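Residues per chain are reported as follows:
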Amino acid sequence: MAQLYARDVPFPCPPDADLLQVLWCPFDHAEHPHPRTALFWRSSATVTDILGAPPEPPIIQLGDYLPEPCLLSPEQVTEFPDPLELDEELSDQLEDVSRWETVDPALYSSYADDPQELYLTNLCHAPGWKTGGWTHWMVTDPVDRPCPECGTGEVPLLTIASWEWDSGSVTWIPEEERTSPAPRRLGAHDSNFTLIDIAGGNNLQLHACPADPSHPHIALVQ
């Protein structure tokens, strides 16, 4: 389960709600190679009887399906579209090595001959759990996501990631790790598993209609 308040993180929500709760069944389902998700919008003012500890299911299929209780430290970042979503002119600019001469060589020297990989790894997609942002197209090419009810293009609502940042994406080091007394050393082969994997090692991205976010429709495995 994930529980997010609009006061802490930005996401499209109905006018009468400021709390998003995401639940998932701890078992795979025949129509999906991952747990089925359910989203609930609530008003935090109506939540008065708060449990001291979240209930746990009596049985689960995999340990990775059960989250450990934790608090979030939201951090706002800027993302850019996937290279597959850029038009031809922007793609040509992206591959122009001369445009990247001002990039800090201490961080990005290994990408000097491959600016597109620099963009893909360090600039366009923040790894890990996030609200909003851009879609990271890995398994499929970009596709339109019209709302089944009104046709409005749906937008990413929540990404439930199996992996967070690693030594290959130094731009995305969280603030708490940058300021830690013993920060993780760049290049160290530390595990970057988020301890939740309900998408078969990929990302599970939920989408919502910005015209009516009370009815999210699509769960996309990337």
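Residues numbered from 1 in each chain as written. Predicted model: local features only at pLDDT ≥ 70, side-chain atom pairs only at ≥ 80, totals over all residues. Heavy atoms only, no water.

Report on the overall build of the protein chain, specifying residues and quantitative values.
For the protein chain, the helix and strand inventory stands at four helices and seven strands. If you list the helices and strands of the protein chain from N to C, you get β-β-β-α-α-α-β-β-α-β-β. Put simply, the protein chain has 222 residues, and 33% of those count as buried. Nonlocal contacts in the protein chain, meaning residues at least 24 apart in sequence, comprise 63% of its contacts between residues at least 6 apart. (Helix = DSSP H or I, 4+ residues; strand = E, 2+ residues; numbered from the N terminus. Buried < 20%, exposed > 50% of the residue type's maximum accessible area, 1.4 Å probe, protein only. Contact = heavy atoms within 4.5 Å.)

Describe the pattern of salt bridges, with residues and values.
Close approach of charged atoms lets side chains of opposite charge pair. Under the definition given, this model contains two salt bridges. With a shortest N-O distance of 2.6 Å, K130 and E79 are connected by a salt bridge. Taken together, the residues K130 in strand β4 (residues 130–131) and E79 in the loop between β3 (32–42) and α1 (88–94) connect sequence positions 51 residues apart. Per residue, the accessibility class of K130 equals that of E79, and both read buried. (Salt bridge = Lys/Arg side-chain N within 4 Å of Asp/Glu carboxyl O.)

Break down the pairing of strand β5 (residues 155–161) for me, citing the residues and quoting the values.
A large share of β5 lies buried, amounting to six of its seven residues. As paired strands, β5 and strand β6 (residues 203–208) are joined by six bridges and run antiparallel to one another. Each bridged residue has a counterpart across the sheet, and for T159 the counterpart in β6 is Q205. (Pairing = 2+ DSSP bridges.)

So what's going on with a nonpolar patch on the surface? Which residues, and what values?
Residues M1, L23 and F40 make up a contiguous nonpolar surface patch of about 260 Å² in total accessible area. Within the secondary structure, F40 sits in strand β3. (Patch = residues over 30% accessible without salt bridge, like charges linked within 9 Å, V, L, I, M, F, W, Y side chains within 5 Å. Areas by Shrake-Rupley, 256 points an atom, 1.4 Å probe, with all protein chains shown as cover.)

Hey, could you go over the environment of F80 for me, with residue numbers and the actual values?
By secondary structure assignment, the location of F80 is in the loop between β3 and α1. F80 sits 44 residues away from C124 along the chain, and the two C-alpha atoms are 4.2 Å apart. Beyond its immediate chain neighbours, meaning those up to four positions away, F80 contacts Y119, L123, C124, H125 and W134.

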